[in-house]
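Residue-level structure breakdown
Letter by letter, the chains look like this.
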Amino acid sequence: MPPADTGASAVVADASAPSSPVSTTTAPAASERLEPGRPGYRRMSFALFAAGVAAFALLYSTQALLPAISTAYGASAGQASWTVSAATGALALFVLPLSALSERFGRRQLMTVSLAVAVLVGLLVPFAPSIGWLIALRAVQGAALAGLPASAMAYLAEEVRPKALIAAIGLFVAGNSIGGMSGRILTGWVAQAWGWRAALAAVGLLALACAITFHVLIPRARNFRPGSLNPKALARTVATHLGNPLLVRLYAIGALFMTVFGAVYTVIGYRLVEEPFSLPQGVIGSIFLVYLVGTVSSAAAGRLVARLGRRGALYLAVSTTAAGLLLSLADSLAAVLAGLVLITAGFFAGHAVASSSVSRTATEGRAQASALYQSAYYLGSSAGGTLGAIAFHTGGWAATVALGLLAVVGVVSITLYGTRVARAERRALVPAAR
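Below: a short report on this structure. (Residues numbered from 1 in each chain as written. Predicted model: local features only at pLDDT ≥ 70, side-chain atom pairs only at ≥ 80, totals over all residues. Heavy atoms only, no water.)

**A few points about the packing of aromatic side chains**
Let me state the cut-off plainly: Note on aromatic pairs: the rings of Phe, Tyr and Trp (six-membered ring only in Trp) are paired at centre separations within 6.5 Å, and the planes decide the class, stacked below 30 degrees, edge-to-face beyond 60, tilted for the rest.
Summed over the entire model, instances satisfying the criterion amount to 10 aromatic pairs. In textbook terms, an aromatic cluster arises when at least three aromatic residues are bridged by ring pairs, as seen for Phe261, Tyr265, Phe288, Phe347, Phe348, Tyr373, Tyr377 and Tyr378.

Here is the structure:
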């Protein structure tokens, strides 16, 4: 999986002040928190790294196996794609309510229960008797996994010293990225040797080992203070964010970028298993090593914004994505791989710019603003996976690329509109300044 937007910057901003929908006691003193060199910091870091690996290996576990699943159940690409879209869609729907529950019942407790349920379902998934059962189990799994991003960032903000928080968040995000990538690679090679059900079982066992590691290592929360959940205040905060035009544009940009990414990586296996490529399942799974490019482009996003501005960085990201889509049309494996590199680099850069801009824009309720971005992001993943597969079934890879380019046009249109609005606001301020 692409590294999920974790709302890291939102949590950092809110580390000393709770979001308005939940009232809590005063934040703990910094001396009570973990930092490198203090007991528990290394255990906490490895625990959350393991949780990230487990969660995102499970979330996208079927993506590299879609051609095999289609064959096994006699399902179309569109039907098989729901094994991915159901999981990401359920996560999108449940991340906001579970983030609120974590305020009441505790971050550590919610993460533990979420992982336990997701792993249990993961061990049942290989035995699904039909495509319908497989989709249903994956939806339950996605809903359970929503508890992890909903709680992990808040746990870190409460338990880690502010100066060590970015490093701790970075390790958790690394776990997300490695889990999403390794799960796809593992399933590809295991499926080639023993079949797709064995591949899903392998991911389930990997996640079980990671979940046990998390449970053994995660330190007890010393600084969590239960809050009294106020659903009406939560609803007002959400409504305020959805009434902010800039935030809505950022949510739409995140969803559209993820629509492209979800479509490409859901369908690429179908393309590469066919002529003229005819690649084996293990090699197709290894294609997801391209995700490492995203780690580099995400890290470079801050420098791009400093040099080009937020909208300039988005234009560069969307141009790179579009170039990759067009390049992937060639019937050359080298060209397809180069296209995937550009698509991945452009997507991760655009996602990093949009997600970081959310916490900068929201002045209150940043945790909820970030959760709404995550919801839009994963809904885009669900839409991209399903629509991309339908397009491929209807018109081949060219139709999937056309869908991606349509989403790219959407990002460009939104960004151009934002540019015009910003210019109009600056012009309106000039007479007032005089």
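**A short note on unusual backbone geometry**
Worth spelling out the cut-off: Each helix corresponds to a stretch of at least 4 residues labelled H or I by DSSP, and each strand to a stretch of at least 2 residues labelled E; elements are numbered beginning at the N terminus.
The omega torsion across glutamate 275 and proline 276 is 10°, close enough to zero to call that bond cis. The phi dihedral of serine 278 is positive, around 50°, even though this residue is not glycine. You can see serine 278 is positioned in the loop between α11 (245–273) and α12 (281–286).

**With respect to the environment of alanine 383**
Heads up, the rule is: Each residue is assigned to one of three classes by its accessible area relative to the maximum for its type, calculated with a 1.4 Å probe on protein chains only: buried under 20%, partly exposed between the two thresholds, exposed over 50%.
Structurally, alanine 383 is set in helix α15 (residues 366–433). Residue alanine 383 is classed as partly exposed on the basis of its relative accessible area of 31%.

**What about the nonpolar core?**
How we decide: The set of buried Ala, Val, Leu, Ile, Met, Phe, Trp, Tyr and Cys residues whose side-chain atoms join them within 4.5 Å is what this entry labels a nonpolar core. Any two residues whose heavy atoms approach within 4.5 Å are treated as being in contact.
Core analysis: the biggest nonpolar cluster contains 118 residues, and Leu48 and Tyr265 have the highest contact counts within it. When sequence neighbours within four positions are dropped, the list of residues in contact with tyrosine 265 reads Gln63, Phe288, Val290, Tyr291, Leu340 and Thr344.

**Comments concerning helix α4 (residues 77–105)**
For clarity, the cut-off: One fewer than the residue count of a helix, multiplied by 1.5 Å, yields its expected span. Two axes are fitted around each residue, one to the seven residues ending there and one to the seven starting there, and the angle between them is reported as the bend at that residue.
Along its 29 residues, α4 runs 40 Å from first to last C-alpha, staying within 8% of the 42 Å computed at 1.5 Å per residue. When the local axis directions of α4 are compared, the greatest deviation, roughly 40°, occurs at valine 95, which is followed within four positions by the proline proline 97. Among the 29 residues of α4, 21 are classified as buried, and the element is accordingly described as predominantly covered. Within two residues after α4, glycine 106 carries a phi angle of roughly 110°, on the positive side.

**Some details on helix α10 (residues 231–242)**
Going by this rule: Directions drawn from the helix axis to the C-beta atoms are what define this arc.
With 12 residues, α10 should cover 16 Å at 1.5 Å per step; its first-to-last C-alpha distance of 16 Å lies within 8% of that length. Residues of α10 that are buried: Ala233, Leu234, Thr237, Val238 and His241. Down the axis, α10 shows its buried residues gathered within 135° of arc, on one side only. Residues of α10 that are exposed and point over 90 degrees away from its buried face: Pro231, Lys232, Arg236 and Thr240.

**Quick notes on the pattern of salt bridges**
As a reminder of what qualifies: One side-chain nitrogen of Lys or Arg within 4 Å of one carboxyl oxygen of Asp or Glu is enough to make a salt bridge.
Counted by the stated rule, this structure contains one salt bridge. Put simply, arginine 271 and aspartate 331 hold a salt bridge, and the shortest N to O gap is 3.1 Å. Pair noted here: arginine 271 is in helix α11 and aspartate 331 is in the loop between α13 (291–327) and α14 (333–361), with a separation of 60 residues, a long-range link. Judged by relative accessible area, which is 7%, arginine 271 ranks as buried.

**Notes on the packing of helix α5 (residues 107–124) against helix α9 (residues 196–217)**
Inclusion rule: Only the stretch in contact is used when a helix axis is fitted, and all axes are lines through C-alpha atoms; the angle between N-to-C directions ranges over 0 to 180 degrees. The cut-offs work like this: below 35 degrees is roughly parallel, past 145 is roughly antiparallel, 65 to 115 is roughly perpendicular, and the gaps in between are oblique. It is the rotation of the near helix from the far one that decides the hand of a crossing: anticlockwise by less than a right angle makes it left-handed, clockwise makes it right-handed. Just so you know the grouping, Ala, Val, Leu, Ile, Met, Phe, Trp, Tyr, Cys and Pro go in nonpolar, Asp, Glu, Lys and Arg go in charged, and all remaining residues, Gly too, go in polar.
The interhelical angle for the contact between α5 and α9, taken along N-to-C directions, is 160°, at an axis separation of 9 Å. With respect to each other, α5 and α9 are oriented roughly antiparallel. The hand of the α5/α9 crossing is left-handed. Contact with α5, carried on its side by Met111, Thr112, Leu115, Val119, Gly122 and Leu123, involves Leu200, Gly204, Leu205, Ala207, Leu208, Ala211, Phe214 and His215 of α9 and no other residues of that element. Split by residue class, the contact of α5 with α9 holds 10 nonpolar, four polar and no charged.

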